[in-house]
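Residue strings, one per chain:
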Number of protein chains: 2
Amino acid sequence: MLISLLFRLCLAALFLARGVCAATEANPITAPASVEQWGLFEASLQGPTDGNPFLQVRFTAVFTNGARTVEVDGFHDGDGVYRVRFMPDTQGEWRFETRSNRWPLAGKRGSFVATAPSKGNHGPVGVRNTYHFGYADGTPFRQVGTTSYTWTHRPEEIQEQTLKTLAASPFNKLRMCVLPQAHGIELMPPKLWPFEGTPQQWDYTRFNPAFFQHLEKRVGQLRDLGIECDLILFHPYDNREDWGFETMDPETDDRYLRYVVARLAACRNIWWSMANEYDFLPTKTEADWDRFFQIVRQSDPYNHLRSIHNGDRLYNHNQPWVTHVSIQNGAALNDAGRAELYRDVYQKPIVYDEAKYEGDSLHRWGNLSAPEMVHRFWAGTVAGTYVGHSEFFGPPEGVVWLGQGGVLKGESPDRLGFLRRIMEEGPAAGIEPIDQWKDPYAWRSRPVGDGLAEPHIGGQAGEYYLVYFGRSAPKSWAIELYKSELSDGLRFQAEVIDTWAMTVTPVVGTFTLKRRDDHHFTDANGRAIALPGKPHVAIRLRRVP
Amino acid sequence: MLISLLFRLCLAALFLARGVCAATEANPITAPASVEQWGLFEASLQGPTDGNPFLQVRFTAVFTNGARTVEVDGFHDGDGVYRVRFMPDTQGEWRFETRSNRWPLAGKRGSFVATAPSKGNHGPVGVRNTYHFGYADGTPFRQVGTTSYTWTHRPEEIQEQTLKTLAASPFNKLRMCVLPQAHGIELMPPKLWPFEGTPQQWDYTRFNPAFFQHLEKRVGQLRDLGIECDLILFHPYDNREDWGFETMDPETDDRYLRYVVARLAACRNIWWSMANEYDFLPTKTEADWDRFFQIVRQSDPYNHLRSIHNGDRLYNHNQPWVTHVSIQNGAALNDAGRAELYRDVYQKPIVYDEAKYEGDSLHRWGNLSAPEMVHRFWAGTVAGTYVGHSEFFGPPEGVVWLGQGGVLKGESPDRLGFLRRIMEEGPAAGIEPIDQWKDPYAWRSRPVGDGLAEPHIGGQAGEYYLVYFGRSAPKSWAIELYKSELSDGLRFQAEVIDTWAMTVTPVVGTFTLKRRDDHHFTDANGRAIALPGKPHVAIRLRRVP
């Protein structure tokens, strides 16, 4: 009994002294003694190399914090190295124990301390207030996204350049693919492949750890830049190079998904996008996509955001495993009244990840002017939705941001940075369309004419209004706010925003509201707000306490 | 053996001679010897009057035609009269046999012949080509709907006037409620109630057959006018009179639904609308509505169209039991580019049953001008969707078409009749939006200005185009058609349509197409079509064979 107690004390001392969670046996498990909350904890150890470790070895770890227990998939990282990663969502001591069908990997125990998060670590992003996003620590996440599908597959210098570009950009979310795409590969052939073998000669049962180690490095660098990584798991862009990633059998698809999730789920900035243009992959059925969602949901203990992005046909985003709606639609951001319609359908956050791109492409999906790209962001914002940017400038096989990364050439990003600042100064709960389905273009049965000067309005009723005039160019606006949450005597201050020139001009004085009729309030003194008579102007109204 | 054979022959002769399906026992079952296909066959007989027949007697009949067997619910029609109704969908001999938990109603057999349908009988309406409707005989059904919620509860002369108005109107579908509504009842109290008892003192276990007999009479009269009856099963309009129809318990709700379906499902012009503004009924949960759909689906052997109509919150119309989408939205028909968005979400027919109403109401839901009402129909039509009309003119408690029927006072119905003729002259497969999500307002990144002269286009690619200019007033249009199904040399004839003046003006000559660029075809000779420079104009282009 005494000996047993002494032995335990010695063990405890050993743990503390080493500062790692060590096994009591010959084959030690290596892991740090602490990791910050929402940081990436990793434990590793040696294991079997015989047979096919990717197929034949099951390896997980059970993490415990008080009453909570989470079982997490580990993975084989090549050369008999097995790893398990974990993102603790709670500060304090976590214990863990490994499980495996092979003795060298089974029953290893350890513990670590999850410490306070460092500056800039707000945890993973989730859904907030039905239509919006927030970090786990409560900080709102105002999505201003961009897309660069396969920058991680390009020459090293382009990858580094891409990171520099992102660091200087306004974007806080990047859509990117796990798998390479054919576009641009003539000049820039991929160096790393996800499986052992060569194109069309893959051994689909053996992953290439170096491929995934590289991907993880890039995902981590995005995290350090404060950028969420919306990771696209499948895409239809093998099309000119029949690599064989579009025709894998279901077992391979599923194993690939589980491997990616086991490796990357502990990265706090991961979002899962089942596919880009999923319906352009005729080798998959709707049931395949449903199954992929299930696999990801079951394998990811952190419930990272899950979506799927369409080509021409919308997935049924009403299904409960879809956390938010990722949409391609080239016309839905024409105005806020149009953009808001999907909100009501899905009652989830709407992200227009593909609103067409700024660029000079001959294709209609890549020839938006910068003002139109910026307009679409504003229309989406006022509608209570979120928008994604990308650009396509240059020769068809050149380095374009959309496909390869590199540098940004367009004029929209600066303006999107300006919009992001406006969003960050806005209500923490997010911007909601004011007066749903009654936008003034539609409910007034008058001809358009100068009626187009009537704005779309988003905000938080009674507190904050963003009044956006879109493509019309009015010279003034007489305040007209829907009655919700308003009452006589409330005071607001106004600023005129030029969304292109990126200026915010305060309007002198304050406006005092007075009920005008059954629906609207206006300024009690009949004051109107002067406007510059050009398009893409907004007014910000904030309540004076 | 011989005696048995003789007996059978006698029986057979008896059947033929009587021309009815008779039972071999004391309690005969009465039924016609024939009914037309999709007509209403009804068999009736006397049964138990003891206890509560509505609760305690189960009565169905099994109808057989060749290998097909359909079991149909019967119902107690008061005073011990039991009926079972059936709509044969196949011509030829049908046999039936009754089933019941009570001997007098069990085991009654008979047969009848379903004959060819009479003129004007096209069978029930169902979904065709994903987004459209058609009658069972293959005739397209181009929905031009109106709403008069509770006309059947008003004084007899108003009901007769309503039928006369409908007979002279362009409408081929009417939304109406089973249950009375509070609006207007001060002047016009309902005479019939669905249950025995008095308001708030109902015996919910005993239906009032006279109430339903009256309803059926009106549904049959609509059928004879060629009008589909979109029957609203629940609504939130008890609100000023607490009759108790909004607070029935689940058993009562379900029994009410089964009774209505048993009585009315054999009417070929029935559509089931679970509710109007379902989300304004706080006494029901989402699960209640799901269950109601199941009850109706299981009880209705003909699979009549099923929908549910929203207030502010959309039901999940992606669920498989919803056959088409019934929408209230006051802004979605602002333009066709907006209206088409719901199609892609639901991949079912979209009916904007409530696009707000023509009228002079102080409420925003009832103050559309006639041109705006007509515009919304055209925007919806070109978007490949369908629209519903109603109107609200006059003093708040007066007879308004929306609530009570009577006469139509607005200027839109004539124009909707004109549109219906245009639709009926259009492609049998229905009108689809051309160039999905790329409507010119949106994909061209140019400022609006005269860009608003660019139309929305619906039709059948390569054959038929309806080019609608909405609120803009262009003086000409240079043909620009998306490339799908087009090739150089195809010829089209054009007509200019004034949707308000109801004129169709042929354009002299024909137009020969020529590819202009990667996306569009235009006229080979550079001809433009002259337009009158006023709003609400369309062009019809039909291919010359």
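Please read these numbers as outputs of a predicted model, since none were measured by experiment.

About the thresholds
Residues numbered from 1 in each chain as written. Chains lettered and ligands numbered in written order. Predicted model: local features only at pLDDT ≥ 70, side-chain atom pairs only at ≥ 80, totals over all residues. Helix = DSSP H or I, 4+ residues; strand = E, 2+ residues; numbered from the N terminus. Rg over C-alpha atoms; globule rule 2.2 N^0.38 Å. Buried ≥ 20, exposed ≤ 12 C-beta atoms within 10 Å, placed from the backbone. Contact = placed C-beta atoms within 7 Å. Pairing = 2+ DSSP bridges. Axes fitted to C-alpha atoms, helices over the stretch in contact; angles between N-to-C directions. Domains from an automatic or database assignment. Nonpolar A, V, L, I, M, F, W, Y, C, P; charged D, E, K, R; others polar. Core = buried A, V, L, I, M, F, W, Y, C linked by C-beta atoms within 7 Å. Parallel < 35°, antiparallel > 145°, perpendicular 65-115°, else oblique. Left-handed = near helix turned anticlockwise from the far one by under 90°. Expected span 1.5 Å × (residues − 1). pLDDT = per-residue confidence, 0-100.

K.L.:
Please explain the overall build of chain A as it appears in this structure.
P.N.:
Each helix and strand counted, chain A has 12 helices and 33 strands in total. The globule rule puts the C-alpha radius of gyration for 545 residues at 24 Å, and the 26 Å found for chain A is close to it. Looking at the 545 residues of chain A, the share that counts as buried comes to 46%. A separation of at least 24 residues holds for 69% of the contacts in chain A among residues at least 6 apart in sequence.

K.L.:
Quick question: what am I supposed to make of the sheet that holds strand β7 (residues 109-115) of chain A here?
P.N.:
All names here are of chain A. Across the sheet, seven strands lie side by side as β1-β7-β6-β3-β4-β5-β2; this open sheet has mixed pairing. Every interior strand has two partners, whereas the edge strands, β1 (34-36) and β2 (41-46), have only one. The mean inter-strand angle of the sheet, taken between neighbouring strand axes irrespective of direction, is 30°. Judged from the three bridges that link them, β1 and β7 form a sheet pairing that is parallel. Its bridge partner lying in β7, E36 is registered against T115.

K.L.:
Mind showing me how you'd approach the domain arrangement of chain A here?
P.N.:
Where the parts come together, the accessible area they lose is often given as the size of the interface. Residue and element names in this part refer to chain A. We note that the domain assignment places domain 1 (2-115), domain 2 (125-424) and domain 3 (438-543) within chain A. Distance between the C-alpha centres of domain 2 and domain 3: 35 Å. Contacts between domain 2 and domain 3 engage 17 residues on the former and 16 residues on the latter. Among the elements of the structure, α7 (336-339), α9 (370-382) and α11 (412-424) are those that each provide at least two residues to the side of domain 2 that touches domain 3. Looking at the side of domain 2 that touches domain 3, the element that brings in the most residues is α9, giving seven residues. When grouped by side-chain class, the residues that make up the side of domain 2 that touches domain 3 number 10 nonpolar, four polar and three charged.

K.L.:
Please explain the nonpolar core as it appears in this structure.
P.N.:
For soluble globular proteins, nonpolar side chains are generally found buried alongside one another. One finds L231, L233 and M274 of chain A together with L231, L233 and M274 of chain B to be the most contacted residues of the largest nonpolar core, which totals 268 residues. Here M274 of chain B is in contact with L233, F234, W289, F292, F293 and I308 of chain B, once residues within four sequence places are set aside.

K.L.:
How should the packing of α9 of chain A against α11 of chain A be read in this particular structure?
P.N.:
All names here are of chain A. Running from N to C, α9 and α11 point in directions that differ by 20°, and their axes come no closer than 9 Å. In terms of orientation, α9 and α11 fall into the roughly parallel class. Crossing hand, α9 versus α11: right-handed. Contacts from A370, M373, V374, F377, W378 and T381 of α9 reach α11 at S412, R415, L416, L419 and M423. Class assignment of the residues belonging to the contact of α9 with α11 gives a composition of eight nonpolar, two polar and one charged.

K.L.:
What am I meant to see in helix α9 (residues 370-382) of chain B here?
P.N.:
All names here are of chain B. A rise of 1.5 Å per residue sets the reference length of α9, with its 13 residues, at 18 Å; its end C-alpha atoms lie 19 Å apart and thus fit the reference within 8%. Among the 13 residues that make up α9, 12 are buried, leaving the element largely enclosed by the rest of the structure. Within α9 the residues assigned to the buried category are P371, E372, M373, V374, H375, R376, F377, W378, A379, G380, T381 and V382. The first or second residue beyond α9 is G384, which carries a positive phi of 80°.

K.L.:
Honestly, the confidence of the model for chain A in this entry has me stumped. Any pointers?
P.N.:
Parts of the prediction with low pLDDT should not have their coordinates interpreted in detail. All names here are of chain A. Per-residue pLDDT for chain A has a mean of 92; in total, 92% of the residues score no lower than 70. Between residues 9-24, whose pLDDT stays under 50, and residues either more than four places distant or in other chains, the model counts 22 contacts. Within the model, pLDDT remains below 50 along residues 445-452, and this stretch shows 10 contacts once partners closer than five positions in the same chain are excluded. Interface scoring of the predicted complex returns ipTM 0.89; its pTM is 0.92.

K.L.:
Mind showing me how you'd approach the environment of R102 of chain A here?
P.N.:
All names here are of chain A. Position of R102 relative to the elements: it lies in the loop between β6 (92-100) and β7. Residue class for R102 comes out partly exposed when judged on the 16 C-beta atoms lying within 10 Å of it. Excluding its chain neighbours within four sequence positions, the residues that come into contact with R102 are G47, P48 and V57.

K.L.:
Sorry if this is basic, but what is going on with the environment of I350 of chain B here?
P.N.:
Residues and elements named next belong to chain B. Relative to the elements of secondary structure, I350 occurs in strand β19 (residues 350-354). Considering only alpha carbons, one finds I350 and T323, 27 residues apart in sequence, at a separation of 9.9 Å. Setting aside chain neighbours within four positions, we find I350 in contact with V325, I327, Y342, R343, T385 and Y386.

K.L.:
Help me understand the pairing of strand β19 (residues 350-354) of chain A in this model?
P.N.:
Residue and element names in this part refer to chain A. Along β19, five of the five residues are buried, which leaves the element largely enclosed by surrounding structure. Note that strand β18 (residues 325-328) and β19 share three bridges and pair parallel. Residue pairing across strands places S326 opposite V351, the latter belonging to β19. Direction of pairing for β19 relative to strand β21 (residues 386-389): parallel, over a ladder of two bridges. When the bridges of β21 are listed, Y352 appears paired with V387.

K.L.:
Quick question: what am I supposed to make of the environment of F418 of chain A here?
P.N.:
Residues and elements named next belong to chain A. For F418, the position within the fold is in helix α11. Judged by local crowding, F418 falls into the buried class, with 20 C-beta atoms found within 10 Å. Between the C-alpha atoms of F418 and A275, which are 143 residues apart in sequence, the distance is 30 Å.

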